Amino acid sequence: MNQTNSNSVGMLYVVATPIGNLEDITLRALRILKEVDLIAAEDTRHTKQLLNHFDIHTPLISYYREKEAERSEELVQKLLAGETIALVSDAGTPGISDPGAVLVKKAREAGVTIVPLPGPSALTAALSAAGIVDGTFLFLGFPPAKKGQRQKLLSAFVEAPWALVFYESPHRIDALLADVLAVLGDRQAFWARELSKLYEDLQAGSISQLLALTTGKKNRGEFVLIIQPGSSRQQAIGENVEEILRWYKENTELSLKDVSRQIAKDLGLSRSDIYQKALEVWAVTNEES
Ligand code: SAM
């Protein structure tokens, strides 16, 4: 349905802000942030710094995840009374793994015109540098923090024919990569971290190669991880069980038995088959070392 707006009703601008480099703010964003009556910000202190940098003095109101429902009611009332409001998050595009959707939905339902201002997002910046030739992807936001839930989510996408895109924090990137290796196999992948910042880092390689870059390191910066589609589950497993075993052998203290149990559970395969394979791999890597 078309958005309608009578002159007496305000407008809600959804404004993307930089994810690192302040030069990425758009001219339109600067104008709107100056002109609106109020800026609803995820963290007012954070946004205040951005506004100070650009000499903008528009009043701020906090709009954060835990208060979304309550604050949205209040903001919709202001919009209905004719105020214009800009919604921003700490970085990037509001509503993309950030608060915003609740207000947008309620405002639209109340008849307010929503105006999105395109601009920075880690998602599109990472995708633009990933080289996904067929152009299809599935954005899954932040994966669950708990291993079991994360593996369960990944296993739902074993057959997915699209690149999978995740946001991840530096302290969980190893765990995510290890689970991707265990559940989806050693696929080709790409990460973009510290986008638009001084230590911007783009890496393409297999999951095990990326894992080798993060394991045991103090990882800095937030990540966007893009995982290329696999062939089929069984093929991926067949090709990659040895790789996974080698990774466990080199990067964990787990016994051969425990590793076999874990991989068999993760991949839904027979423990004795994995155990036999593990004996071979363990023997080889012992000879090599
Ligand atoms: N709304 C934001 C957007 O449009 O990109 C995303 C907000 S979400 C809370 C934060 C996550 O986005 C980070 O954990 C990271 O995965 C990703 N991210 C944000 N800034 C980034 C950057 N400069 N480089 C890489 N990833 C970034």
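What comes next is a walk through the structure. These numbers were taken from a predicted model, which means no experiment stands behind them. (Residues numbered from 1 in each chain as written. Predicted model: local features only at pLDDT ≥ 70, side-chain atom pairs only at ≥ 80, totals over all residues. Heavy atoms only, no water.)

### Here's the deal with the packing of aromatic side chains
- One pass over the full model with this rule turns up four aromatic pairs.
- Centre to centre, the rings of F139 and Y167 are 5.0 Å apart; their planes meet at 70°, and the pair counts as edge-to-face. In this pair, F139 is assigned in strand β6 (residues 137-139) and Y167 in strand β7 (residues 163-168), connecting sequence segments 28 residues apart.
- Classification of Y167 by relative accessible area gives buried; the value is 9%. (Phe/Tyr/Trp six-rings, centres within 6.5 Å; stacked < 30°, edge-to-face > 60°. Helix = DSSP H or I, 4+ residues; strand = E, 2+ residues; numbered from the N terminus. Buried < 20%, exposed > 50% of the residue type's maximum accessible area, 1.4 Å probe, protein only.)

### Overview of the environment of Y13
- Residue position: Y13 is located in strand β1 (residues 11-15).
- Judged by its relative accessible area of 13%, Y13 falls in the buried class.
- Sequence separation between Y13 and H171 is 158 residues; the distance between their C-alpha atoms is 34 Å.
- Apart from residues lying up to four places away in sequence, Y13 is in contact with I32, V36, T84, I85, A86, L87, V115 and L117. (Contact = heavy atoms within 4.5 Å.)

### A closer look at the pattern of salt bridges
- In total, this model carries 14 salt bridges according to the counting rule given.
- A salt bridge links E194 to K197, with the shortest nitrogen-to-oxygen separation between them at 3.8 Å.
- On the accessibility criterion, K197 (39% relative accessible area) is partly exposed. (Salt bridge = Lys/Arg side-chain N within 4 Å of Asp/Glu carboxyl O.)

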